[in-house]
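# Descriptive structure summary
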Number of protein chains: 2
Amino acid sequence: MLLPDRARVPFVSVENMARLVHSIGLPLALEELAACIEADFLRWDEFDKTPRLASHSVDGVIELMPISDRRHYAFKYVNGHPVNQRRGLQTVVAFGVLSDVASGYPLLMAEMTLLTALRTAAMSAVATRALARKDARVLALIGNGAQAEFQAIALQTICGIERVRLYDIDPAATRKAAGNLRAAGLSVTECRTAHDAIEGADIVTTCTADKKYATILSDNMIGAGIHVNAIGGDCPGKTELHRDILLRSDVFVEFPEQTRIEGEIQQMPEDFPVTELWRVLSGRRPGRVSDQQITLFDGVGFAIEDFSALRYVYDRMQGTDFFDRLDLLADPDDPRDLYGMWRRFGTG
Amino acid sequence: MLLPDRARVPFVSVENMARLVHSIGLPLALEELAACIEADFLRWDEFDKTPRLASHSVDGVIELMPISDRRHYAFKYVNGHPVNQRRGLQTVVAFGVLSDVASGYPLLMAEMTLLTALRTAAMSAVATRALARKDARVLALIGNGAQAEFQAIALQTICGIERVRLYDIDPAATRKAAGNLRAAGLSVTECRTAHDAIEGADIVTTCTADKKYATILSDNMIGAGIHVNAIGGDCPGKTELHRDILLRSDVFVEFPEQTRIEGEIQQMPEDFPVTELWRVLSGRRPGRVSDQQITLFDGVGFAIEDFSALRYVYDRMQGTDFFDRLDLLADPDDPRDLYGMWRRFGTG
């Protein structure tokens, strides 16, 4: 659907995104977002999928992630600059655009730093619902940075998690997450080591931020029946798990072409067997087949999730005042008289 | 240079772009823009050049055009939907972003429908100044749509054109352009055929809009000594010149990898000889070598030109009020407490 004044593009700012999610309620927003992502994953073949377009520099990367189906086109701009933290800047900032394929007109421009945290959490929950044991109640959350609370609350809302065991190399981060998650109604244990954190956990989610090969989880830490969401290893050279864990797990991925470059499985040979999550969601491939199995979602964040998130925001903002309108597109009365349009701005 | 409040991204709307150009004056803006483009073309090898990323659909195309040097990154979003005209929409709308490579933060978001018309005109003038006879005074302008006036005024300002001969298949377009260009101080002749328009012309610029193989100029129309700017053939399947003209001309292009797909030379074999314009501008290759030679600039619009234009606007807007600030990037006080930032928006 195109809004009436198509040259003035709806814009959802950071403040409006936050207020929109408050107005819906975070749990419901995460649930609805998970439903959107799952629905879009179920029509996987309808998407025109391309790898992200990355521009690397000494200090980081700037990426464009475009994707489209026959009706909508979306892209996200996102950077990754670990050095920014030392400068008082965000490591990652993002914004995105949703467009109408038929006309090429943008329908929505939105902040996507907050929205990406939401969709990443919703994605983990979609994977966890499909892959974890149904009786899973205890989550170990390794890495307690910007993503942590959203991950925990999505698993609380969508997968019935009741208890969270937190660990971060920085105790201040753990303290911050603990405070936020207790307020959200979770039973929280602050742990001093990763080993301690995974004690009794049914689900382990790693979302650390270091841009390097790291071993956040070593092989002996992951026991039978556990589901792992490995979220933090999301670019070349950045992994979190010891490769032996991968060898003992059944590994599920979003888009193998991208995950083999960016995910945990970049440590493995190119023919390392993985299952595309959409095939599990659509019933074409089995997910968890026994309570002893280790399932591992190697999540790197795929463009369809951003597409789903932008479409969700676009639908949900209709009838609200949680957006402004940007005078982004020139709209001369006579399309051939752009010059005349320009001239008239000089006489006002 | 980063502005103080880096999370609030400067935004130049259509109205502010128009007002900024009025405040500078169109001739000076075109001259300065041409100087920026020429300066960037002279440091060609410093750019990380990639072909545009196109998403084709039944009715049109949506493209992302990214480019960067070591300091700045830019991309343009642009569509092409010829069917839009029938719907009262623009055929082409565009916007762009300039970013700081070191931090990945956007520095500027800007409308680029008007700005693209300006940079395309400035580009033609850069090519014409390098390739046309120095005594050229008469321009034939075939295609009198949205680009036409900007093309003519850039050649008037930068190349000393005094007289313009206009032709369009739609006489209303010619009438519109004639009125605008007379007001700009040019001597204008409205012509009824393309043949008539090129009579006595030193420079021929074609900027028609049809998305198809067309023969706007046939071989016998282009005589010795003429310089041609072929601007309108800018996508696969869209050309304006009979191929025999190409065989008699020396052809100059922006980025051969792109022009061989999108430009007039898509009609020619892959090894058809062309000269990169930046090599002429930098004195490495000859441009015009005789008054009898036909020179042809096969312009398709390359990402460096958008990069130059965005950098120009960014520099020129400093100290003015011709921009707003968009609350585009989440900026929590503690970068790891995105959730806390979100929560605080609920208490306001």
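Description of the structure in this document. Bear in mind the structure is a predicted one, so any value in this text is a computation, not a measurement.

## Overview of the side chain of Thr295 of chain A
Residue and element names in this part refer to chain A. Within the secondary structure, Thr295 is located in strand E17 (residues 295-298). A polar atom in the side chain of Thr295 sits 3.4 Å from the backbone oxygen of Leu131. There is a polar contact of 3.0 Å between the side chain of Thr295 and the side chain of Arg288. Excluding anything up to four places from it in sequence, Thr295 contacts Leu131, Ile226, His227, Val228, Asp250, Phe252 and Arg288.

## Concerning the pattern of salt bridges
Considering all chains together, one arrives at 38 salt bridges over all chains under this definition. Ionic pairing is found between Glu32 of chain B and Arg316 of chain B, a salt bridge with its closest N-O pair at 2.8 Å. Placement of the pair is Glu32 of chain B in helix H2 (residues 26-42) and Arg316 of chain B in helix H10 (residues 303-317), with a sequence separation of 284 residues. We note a salt bridge from Lys176 of chain B to Glu149 of chain B, for which the minimum N-O separation is 3.1 Å. Of this pair, Lys176 of chain B sits in helix H5 (residues 171-183) while Glu149 of chain B sits in helix H4 (residues 148-159), placing them 27 residues apart in sequence. The residues Lys176 of chain B and Glu149 of chain B share a single accessibility class, namely buried. Here the salt bridges share partners, and the residues they tie into one network are Asp40, Arg43, Glu46, Asp69 and Arg311 of chain A.

## Regarding the relation of the copies chain A and chain B
Least-squares fitting of chain A to chain B yields an RMSD of 0.0 Å, with the transformation described by 0.0 Å of translation along the axis and a rotation of 180 degrees. The two molecules are tied by a two-fold rotation axis, judged by turn and shift. Residue by residue, 100% of the interface of chain A is reproduced at the interface of chain B, so both copies engage with the same surface.

What counts, and at which threshold
Residues numbered from 1 in each chain as written. Chains lettered and ligands numbered in written order. Predicted model: local features only at pLDDT ≥ 70, side-chain atom pairs only at ≥ 80, totals over all residues. Heavy atoms only, no water. Helix = DSSP H or I, 4+ residues; strand = E, 2+ residues; numbered from the N terminus. Polar contact = N/O pair within 3.5 Å; in protein donor to acceptor, adjacent residues only side chain to side chain. Contact = heavy atoms within 4.5 Å. Salt bridge = Lys/Arg side-chain N within 4 Å of Asp/Glu carboxyl O. Buried < 20%, exposed > 50% of the residue type's maximum accessible area, 1.4 Å probe, protein only. Least-squares fit on C-alpha atoms with pLDDT ≥ 70 in both.

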